[in-house]
Every structure is written in C-alpha cells, then in structure tokens.
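So the chains spell out like this:
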Amino acid sequence: MNVEGRQAEFVPLQGGGYDMHHGQPSAPAMVQYTTVNIPTDPPKDHIIWSLLSFVYCNPFCLGLAALIFSIKARDRKMAGDLVGAGSYGATARCLNITSNVLVSIIIIIIIIAVSLLIANLPSMNTYLKDIRRYHGNNHYTYYG
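About the cut-offs
- Residues numbered from 1 in each chain as written.
- Predicted model: local features only at pLDDT ≥ 70, side-chain atom pairs only at ≥ 80, totals over all residues.
- Heavy atoms only, no water.
- Buried < 20%, exposed > 50% of the residue type's maximum accessible area, 1.4 Å probe, protein only.
- Helix = DSSP H or I, 4+ residues; strand = E, 2+ residues; numbered from the N terminus.
- Arc of directions from axis to C-beta.
- Contact = heavy atoms within 4.5 Å.
- Axes fitted to C-alpha atoms, helices over the stretch in contact; angles between N-to-C directions.
- Parallel < 35°, antiparallel > 145°, perpendicular 65-115°, else oblique.
- Left-handed = near helix turned anticlockwise from the far one by under 90°.
- Nonpolar A, V, L, I, M, F, W, Y, C, P; charged D, E, K, R; others polar.
- Patch = residues over 30% accessible without salt bridge, like charges linked within 9 Å, V, L, I, M, F, W, Y side chains within 5 Å.
- Areas by Shrake-Rupley, 256 points an atom, 1.4 Å probe, with all protein chains shown as cover.
- Salt bridge = Lys/Arg side-chain N within 4 Å of Asp/Glu carboxyl O.

J.: A description of helix 1 (residues 47–56) should follow, citing residues and the corresponding values.
T.: When helix 1 is considered as a whole, its buried residues turn out to be Ile47, Ser50 and Ser53. All buried residues of helix 1 lie within an arc of 125° about the axis, which places them on one face of the element. Exposed residues on helix 1 whose side chains face more than 90 degrees from its buried face are Ile48, Val55 and Tyr56. Where helix 1 is buried, its residues touch helix 2 (62–79) and helix 3 (82–119).

Next comes the structure, spelled out in structure tokens:
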C-alpha cells in the first residue's frame with residue numbers, strides 16, 4: 001500500500017547483533033508507509049457558557065473566573081497556541097460545571113425550604129393564635 005507521492009524503499013536488514021533464524025529472508029525487505037491524517041479541531045473556549053454562567057449563576061464569582069479563562073483560551077487559539085488554548089478551555093469548562101452545580105444545589109435547597117415553610121403555615125398560624133391569646137390582643141403595651 002503506497003500513498004501517492006511515496007515510493008517503496010528497499011531497506012536491507014542488519015543481521016549483526018541479532019540471531020538469524022532459519023527461514024528469515026536475507027534479501028532486503030520492503031518498507032510500506034501509511035499516512036494518517038487526523039484533523040485537529042481547535043479546542044473549545046466555552047465563551048457562551050461562561051457568559052451565561054457569569055450573568056445568571058455566579059456563585060463565588062466562578063462565572064467571572066470562567067469568563068476570564070474563556071477569553072484567555074480564545075486569545076491563545078487566535079495566537080496559534082492550541083495546547084494553551086485547550087488548557088484554558090478545560091479550566092473554563094470545570095469552572096462552569098462547578099458554578100452550575102452549586103447554583104442547582106442552591107435552587108433545590110430554596111425550593112425545599114419554601115415547600116417546608118408553606119407546609120408548616122397552618123401550625124405556625126395556630127402558634128401565633130396561642131401567643132395572641134396568652135398575651136392578649138394588645139400588641140403595643142405601653143409601660144410608662
């Protein structure tokens with residue numbers, strides 16, 4: 001299998017340091033080249049995700065940090081440093097994930113707290129009635 005533009009070469013085997021077994025060819029062997037073109041996609045900078053994290057969910061300024069790393073990743077990508085861009089992009093992705101997880105946990109806690117508060121309103125109403133009955137209906141007692 002030769003790739004266009006490449007010629008097969010005959011390279012003689014060197015038998016100096018190796019034991020030659022019977023049955024191995026002593027004639028020169030043909031070397032074949034295989035070229036694999038792997039397209040390298042530019043690393044992602046996650047700039048949109050970072051902007052949304054900065055605007056909508058920004059606990060502990062993680063959205064701001066993610067936005068800064070996303071901008072650094074985009075600058076490195078434009079400069080041609082794909083390794084540096086990948087590193088900054090990965091950091092921005094981790095900060096965005098952390099920010100989103102923290103905001104999700106906070107929202108779940110708020111929903112649970114409001115649900116418990118609403119569920120306990122009847123018992124709180126009874127408690128307040130008992131307090132009013134004990135202290136009377138006069139809320140402002142003047143001691144003077």
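What follows picks up the thread again.
J.: Give a detailed account of the packing of helix 2 against helix 3, specifying residues and quantitative values.
T.: Contact pair helix 2 / helix 3: the axes reach a minimum separation of 8 Å and the direction vectors enclose 160°. Classed by the angle they form, the pair helix 2 and helix 3 counts as roughly antiparallel. Relative to helix 3, helix 2 is oriented so that their crossing is left-handed. For the pair helix 2 and helix 3, contact is made by Leu62, Gly63, Ala65, Ala66, Phe69, Ser70, Lys72, Ala73, Arg76 and Lys77 and by Leu82, Gly84, Ala85, Tyr88, Gly89, Thr91, Ala92, Leu95, Asn96, Thr98, Ser99 and Leu102, respectively. Classifying every residue of the contact of helix 2 with helix 3 by side-chain character gives 11 nonpolar, eight polar and three charged.

J.: Report on unusual backbone geometry, specifying residues and quantitative values.
T.: In this structure, His46 takes a positive phi of about 55° despite not being glycine. Assessed through its relative accessible area of 18%, His46 is described here as buried. Backbone geometry at Cys61 places phi at a positive 60°, although glycine is not the residue there. Judged by relative accessible area, Cys61 falls into the partly exposed class, the value being 47%.

J.: Tell me about a nonpolar patch on the surface, residues and numbers included.
T.: Nonpolar side chains collect at one region of the surface, where Ile48, Leu51, Leu52, Phe54, Val55, Tyr56, Leu64 and Ile68 lie side by side and expose about 780 Å² of accessible area between them. Those elements that place two or more of their residues in the nonpolar patch are helix 1 and helix 2. Top element by residues in the nonpolar patch is helix 1. It accounts for six residues. In this fold, Tyr56 is placed in helix 1.

J.: Which residues make up the pattern of salt bridges, and what are the values?
T.: Applying the stated rule across the entire model yields three salt bridges. A salt bridge links Lys77 to Asp45; its shortest N-O distance comes to 4.0 Å. A residue pair is termed long-range when its members are at least 10 positions apart, and Lys77 in helix 2 and Asp45 in the loop between strand 2 (29–31) and helix 1 qualify at 32 residues. Judged by relative accessible area, which is 7%, Asp45 ranks as buried. In this structure, Asp81 engages Arg76 in a salt bridge whose closest nitrogen and oxygen atoms are separated by 3.6 Å. Salt bridges linked by common partners bring Asp45, Arg74 and Lys77 together as one network.

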